[in-house]
Amino acid sequence: MKQTTRPLLALAVLIAFALDLTAAPVVTVDASGAKGKVSPKLYGLMTEEINHSYDGGLYAELIRNRAFLDDPKSPAHWSVANDDASAATIALDPTTPLNDRLPTCLCLTVTQATKEHAAGVANSGYWGIPVHAKTQYRATLWARPEAGFSGPLTVSIVSTDGRIVYASEKISGLTAGWKKFEVTLKTGNVTPTAQARFQLTLDRPGVVRLGLASLFPPTWNDRPNGLRKDIMQMLVDLHPKFLRFPGGNYLEGNKVAERFPWAKTLGPIEDRPGHPCNWGYRSSDGLGLLEFLLWCEDMKAEPLLAVFAGYSLEQDHVTAGPDLEPFVQDALDEIEYVIGNTKTTWGARRAKDGHPAPFNLTYVEIGNEDYFEQAKTYDARYAQIADAIRTKYPQLKLIATIPDAKLNGRKPDMVDLHDYSATDDFIKKSSNFGADMKRNGPEIFVGEWAAHEDAAVRPWDAAAHKLPPTPTMKAAIGDGVFMAAMERNADIIKMQCYAPLLVNVNPGARQWRPNLIGYDALSVYGSPSYYAIQMFSRNLGDEILPVTFSGTSVQGCATRDSKTGEIIVKLVNPELTPQSLPMEIKGVTVLKSKATVITLSANPEDTNSIRRPRNVVPVTTTWSGVKPGFTFTMPPYSVVVLKLEPQ
Ligand code: AHR
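Because the structure is a prediction, the values reported are computed rather than measured.

> In this structure, what is going on with the layout of surface pockets? I would like to understand it.
If a probe as big as a water molecule is rolled over the atoms, it shows which places are left empty. Reported here for the largest pocket is a volume of approximately 650 Å³. Lining the largest pocket are 22 residues, and of these Pro403, Asp404, Val415, Lys438 and Pro442 lie nearest its centre. Residue composition of the lining of the largest pocket, by class: eleven nonpolar, five polar and six charged.

What follows is the structure, given as structure tokens:
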């Protein structure tokens, strides 16, 4: 043995003793009495505009740069559509805007065109326009012709080279001034493709301006400004109980002026200018405050609203006191929009926007990751905002973003902890996780967490961009042990959510890795971590049962469903070999011999992708080996949910 390996060996021996790996393996679940209650809201989702989560993701809009504001210098993602015998030019025209919120428009000048050789403008969408068979797309245009041109306009979805027309309709009735047009484009029995573009053409010379162009496929619950159905299905399948929004860093913005502008995200899409998102691209704000709330409603999840607290990423901050007052009022107004009755200013606005009933809000988070602020002003900012919210809405529970902050003597109801760790680190810290947590302090919200495979490649490092956008099975093992640790401590950890949730997998679309769910224009898939979370969240008891592990590196947790008596044991095997675990279930006399076993097992490097969306998925089986003193064998590298039924 080389000298240098000795300290490592000593460390391994120490860890082995700490985990009690020297004893004979045994897992003991004590079902004689519950250790505490599991919060029914334990599993939720965290979301923000990152990795094209909404624009080019969940928000179903297919036109990229629909209001022509993405780049002040040129009409990004728009191009001239013509052939050898037709000609046109396009340019931004700030002299004739549609309204004062969208300060520019696109001017299309067709200089040469005929019925056989049309010319116009095309939009490439978010890495393609998805074409599905027998599907109706709703196109909306704000158009204004110049004198001498009265139409028609042809709106179509065509192949990227313009040769195949998937769907097409004509618009006539153009009159002087801006006018809104809506047409339905219907595809036939086509093979699905994203090699397509949206196009608007003229069959004669003329000038027409576009104030806004929008194209929607069918959406979840048929909402007009709605969400992509396939991604929503993935989210609903996680059975989330809450949605933390709008961030994350997206709440804060790089500068105070670039924070999430909730009030400007309301109303018709032609009234929404969008804003620069801190993740390097402009957000359309099509998925605005009301859409977040409807998204929650559609998932039967509660909103967990984060309000801006006067600190932005580039260390811009607002000093507590009179300077902060407008921001305090802004937070109160935002809450009023969510829960105020229709006689209040913002409650009335919500009713005008189509939702008279208040939403069901319990938790409000004040800020995001304020521990990164160098000037350390959170205590006073929190106190001022919390006092105002508590005075007006005493029923709300408030979340602070710095766990151990003094907060000028204010007591938050909950604190938000974030943890992005490598799988090996989660394995190390999860076995004894929670031992030092104060049981009499504020409740705990783990508002962002995720395992990445390699300690040396952290989610925010450039090196992470060289790896696939979603994690492998190795990360799911880290996620599994950490979720088990959180469930064992679910008496104090009341809520938790993985982050980030969504990623568009196209090159250049992402800013972070790993992410839970990946998609392109046509399809969506869940990572192994997605399935691990699904297994945990869909199999949640309501009582925490004490569980101990000795002589094994398997970690886990146990709960019981107090209504049915079912005992749910979750186990994670971080070894590449099977582990036989003698199981002792104390405090129950008879269990049915048949148990339901849900298993996620794969090699560490195995993963899912657009091409192989179901390479690593859980498998449900029935196992008949339950009897007093039974032994359960964990497959190598696996996450298992074992459901034991009382006789
Ligand atoms: O989840 C990605 C980012 O990580 C969040 O926006 C931020 O809150 C955290 O630092």
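> Explain helix α9 (residues 473-488) to me, please; I cannot follow it from the model alone.
One turn of an α-helix holds 3.6 residues; hence residues three or four places apart share an orientation. Given a rise of 1.5 Å per residue, 16 residues ought to cover 22 Å, and the 23 Å separating the end C-alpha atoms of α9 matches this to within 8%. Of all 16 residues in α9, 15 are buried, a share of seventy percent or more.

> Explain the nonpolar core here, please?
In summary, soluble globular proteins display a tendency toward joint burial of nonpolar side chains. Leu235, Trp295, Ile366 and Ile389 are the most contacted members of the largest nonpolar core, which totals 138 residues. If you tally residues by element for this core, the top one is α9, at ten residues. Excluding residues that lie within four positions of it along the chain, Ile366 makes contacts with Val307, Ala309, Tyr378, Tyr382, Ile385, Ala386, Ile389, Leu398, Ile399 and Thr401. Of all hydrophobic cores here, the second largest spans 37 residues; its members include Val131, Tyr166, Leu200 and Val208.

> Sorry, what's going on with the site of the ligand here?
In the vicinity of the ligand, the contacting residues are Glu48, Gly248, Asn249, Trp279, Asn368, Glu369, Tyr420, Glu448, Ala499, Pro500 and Trp512. At 2.5 Å, a side-chain N or O of Glu48 approaches an oxygen atom of the ligand. Within the side chain of Tyr420, one N or O atom sits 2.7 Å away from an oxygen atom of the ligand. Burial of the ligand by the surrounding chains reaches 95%, relative to a free accessible area of 280 Å². Here the residues of the shell around the ligand sort into five nonpolar, three polar and three charged.

> Would you explain the side chain of Arg66 in this entry?
Positionally, Arg66 belongs in the loop between β3 (45-46) and β4 (78-81). A polar atom in the side chain of Arg66 sits 2.8 Å from the side chain of Tyr59. A distance of 2.8 Å separates polar atoms of two side chains, one belonging to Arg66 and the other to Glu61. Not counting residues within four places of it along the chain, the set of residues in contact with Arg66 comprises Tyr59, Glu61, Gly211, Leu212, Ala213, Phe216, Asn225, Ile269, Ser284 and Gly286.

> Please explain the sheet that holds strand β8 (residues 136-145) as it appears in this structure.
By definition, the strands of a sheet pair up through backbone hydrogen bonds, in either a parallel or an antiparallel sense. Taken together, the five strands give an open sheet; going across it, the order is β5-β6-β13-β8-β11, and neighbouring strands pair in antiparallel fashion. Every other strand in the sheet has two partners, leaving β5 (87-92) and β11 (179-186) as the edge strands with one partner each. Pairs of neighbouring strands in the sheet enclose a mean axial angle of 30 degrees, with direction left out of account. Here eight bridges tie β8 to strand β13 (residues 206-216), and the two strands are oriented antiparallel to one another. Paired with Arg144 across the two strands is Arg209, which belongs to β13.

> I would appreciate a short explanation of the state of the cysteines in the present structure.
By definition, a disulfide is the covalent link that joins the sulfur atoms of two cysteine residues. The final tally for this structure, using the stated rule, is zero disulfides. For Cys497, which is in no disulfide, the shortest distance to another cysteine sulfur is to Cys296 and amounts to 12 Å. Free cysteine Cys557: the closest other cysteine sulfur is in Cys497, separated by 18 Å.

> Any chance you could explain the packing of aromatic side chains here in plain terms?
The relative placement of two aromatic rings is captured by the distance of their centres and the angle of their planes. Within the structure shown, the criterion is met by 25 aromatic pairs. Look at Phe260 and Phe292: their rings are 5.9 Å apart centre to centre, the planes differ by 75 degrees, and that puts the pair in the edge-to-face class. Here Phe260, found in the loop between α3 (249-252) and β15 (275-276), pairs with Phe292, found in helix α4 (residues 289-299); they are 32 residues apart in sequence, far enough to count as distant. No difference in accessibility class separates Phe260 from Phe292, as the two residues are buried.

> Mind showing me how you'd approach the sheet that holds strand β32 (residues 619-623) here?
Taken together, the seven strands give an open sheet; going across it, the order is β2-β26-β28-β29-β34-β31-β32, and neighbouring strands pair in antiparallel fashion. Looking at strand neighbours, the two that pair on one side only are β2 (36-37) and β32, the edges of this open sheet. Looking at chain direction, strand β28 (residues 555-560) and strand β29 (residues 567-573) are connected through six bridges and run antiparallel. When the bridges of β29 are listed, Cys557 appears paired with Lys570. Strands in contact with α9 are β26 (543-545), β28, β29, β31 (595-601) and β34 (638-644); relative to β28, the strand with the most contacts, it is inclined by about 45 degrees. Those strands touched by helix α10 (residues 528-537) are β28, β29, β31 and β34, and its axis lies near 160 degrees from that of β31.

> How should empty space enclosed by the protein be read in this particular structure?
Summed over the entire model, instances satisfying the criterion amount to five cavities of 30 Å³ or more. A volume near 110 Å³ is recorded for the largest cavity. Lining the largest cavity are Gly56, Gly57, Tyr59, Ala60, Glu61, Leu62, Tyr126, Gly128, Pro130, Arg228, Asn504 and Ala521. Considering only residue class, the lining of the largest cavity consists of six nonpolar, four polar and two charged.

> Whenever I open this one, the environment of Thr109 confuses me. Can you help?
Here Thr109 lies in strand β6 (residues 106-112). Put simply, Thr109 and Val121 are twelve residues apart on the chain and 9.5 Å apart in space, counted from C-alpha to C-alpha. Not counting chain neighbours up to four residues away, the residues in contact with Thr109 comprise Ala87, Ala88, Thr89, Gly206 and Val207.

> Help me understand helix α5 (residues 325-339) in this model?
End to end, α5 covers 21 Å across 15 residues, agreeing with the expected 21 Å (1.5 Å per residue, within 8%). Within α5, eleven of the 15 residues are buried, which leaves the element mostly enclosed by the surrounding structure. Regarding α5, the residues found buried are Phe327, Val328, Ala331, Leu332, Asp333, Glu334, Ile335, Glu336, Tyr337, Val338 and Ile339. Of the surrounding secondary structure, the elements contacted by the buried residues of α5 are α4, β17 (302-307), α6 (345-352), β18 (363-366) and α7 (378-392).

> Just to check I follow, could you spell out the pairing of strand β7 (residues 119-123) for this structure?
On any regular strand, side chains alternate: one points to one face of the sheet, the next to the other face. β7 sits mainly inside the fold: five of its five residues count as buried. Both β4 and β7 contribute to a ladder of four bridges, which runs antiparallel. Bridge pairing in β7 places Trp78 opposite Asn123. Relative to strand β12 (residues 196-202), β7 runs antiparallel, the two sharing five bridges.

The rules behind these values
- Residues numbered from 1 in each chain as written.
- Predicted model: local features only at pLDDT ≥ 70, side-chain atom pairs only at ≥ 80, totals over all residues.
- Heavy atoms only, no water.
- 1 Å grid on protein atoms, 1.4 Å probe; cavity = no way out; pocket = protein on both sides within 12 Å on 5 of 7 lines; lining within 4 Å.
- Points joined across faces, edges and corners; volume = space filled by probe spheres on them.
- Nonpolar A, V, L, I, M, F, W, Y, C, P; charged D, E, K, R; others polar.
- Helix = DSSP H or I, 4+ residues; strand = E, 2+ residues; numbered from the N terminus.
- Expected span 1.5 Å × (residues − 1).
- Buried < 20%, exposed > 50% of the residue type's maximum accessible area, 1.4 Å probe, protein only.
- Core = buried A, V, L, I, M, F, W, Y, C linked by side-chain atoms within 4.5 Å.
- Contact = heavy atoms within 4.5 Å.
- Near = heavy atom within 4 Å.
- Polar contact = N/O pair within 3.5 Å; in protein donor to acceptor, adjacent residues only side chain to side chain.
- Areas by Shrake-Rupley, 256 points an atom, 1.4 Å probe, with all protein chains shown as cover.
- Pairing = 2+ DSSP bridges.
- Axes fitted to C-alpha atoms, helices over the stretch in contact; angles between N-to-C directions.
- Disulfide = S-S within 2.5 Å.
- Phe/Tyr/Trp six-rings, centres within 6.5 Å; stacked < 30°, edge-to-face > 60°.

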